[in-house]
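# Coordinate analysis (summary)
Single-letter residue listing:
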Amino acid sequence: MCIRDRFNVGRIQCKVLIEAAQGCTSWLADFVLNKKNIFIMPDLLTTNGSITASYFEWLRNLEHVRSGLMMKKWTEKGAYLLTKKAAQVFGKRVEDLTDEDIQSLKGPREHEITILAIEESLHTALRETLDLSESAKVNLRTCLLYTSPSPRDRQKSRMPSSA
């Protein structure tokens, strides 16, 4: 349900509202919901996973190389040598390892590296936004509006110090 006017905003009875579409909460509704102390997670934070995934794909395509390819063999070899040494210390043979053990020595696959990078990016952005919102004592939407980069002045943040 889009919360666009004074008629349906009064019917909202929740503690947390998570937007899942662009522009689904009007400014009036946002104001009223904030006055009712309803925590709003703006769509800019909840729907940016696909945008971030596209960004990583774009970066990978710029280099024409898979993100994990350069480190994959080095990681596999290091893990194998470490496991071999550990097996010797504990009196076991590397040949006795299970298929699952061997697969884990090969390190992460391409999609796992990408997923971990996306998770880290999203988690960091969310944590920074929540921290700034709390320290500046503004809601998340206001915080996002101030911290979005400005194409005109290329500043990272425009958050006023008195906010």
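For the structure given in this document, a descriptive report is provided here. Keep in mind that what you see is a predicted model, and the values were worked out from it rather than measured. (Residues numbered from 1 in each chain as written. Predicted model: local features only at pLDDT ≥ 70, side-chain atom pairs only at ≥ 80, totals over all residues. Heavy atoms only, no water.)

An α-helical turn contains 3.6 residues, so any two residues separated by three or four positions project in the same direction. Buried residues of helix α8 (residues 140-147): Leu140, Arg141, Cys143 and Leu144, and no others. Buried residues of α8, viewed axially, fall in a sector of 160°; they line one side. Buried residues belonging to α8 abut α2 (27-35), β2 (39-41), α3 (43-46) and α7 (110-136). Two to three positions downstream of the cap, the backbone nitrogen of Arg141 sits 3.2 Å from a side-chain oxygen, assigning the N-cap of α8 to Asn139. (Buried < 20%, exposed > 50% of the residue type's maximum accessible area, 1.4 Å probe, protein only. Helix = DSSP H or I, 4+ residues; strand = E, 2+ residues; numbered from the N terminus. Arc of directions from axis to C-beta. Contact = heavy atoms within 4.5 Å. Polar contact = N/O pair within 3.5 Å; in protein donor to acceptor, adjacent residues only side chain to side chain.)

Backbone geometry at Asn37 places phi at a positive 60°, although glycine is not the residue there. When you line up the elements, Asn37 lands in the loop between α2 and β2. On the accessibility criterion, Asn37 (69% relative accessible area) is exposed. Although it is not a glycine, Lys137 sits at a positive phi angle of roughly 55°. Topologically, Lys137 is positioned in the loop between α7 and α8. Classification of Lys137 as exposed rests on a relative accessible area of 73%.

Buried residues of α2: Ala29, Asp30 and Leu33, and no others. All buried residues of α2 project into a common sector of 100° when viewed along the axis, lining one side. Summarising the geometry of α2, the exposed residues directed more than 90 degrees from the buried face are Trp27, Phe31 and Lys35. Turning to α2, the residues buried within the fold contact α1 (6-9), β2 and α8. One or two residues past the end of α2 sits Asn37, with phi positive at roughly 60°.

In short, geometric facts, not functional conclusions.
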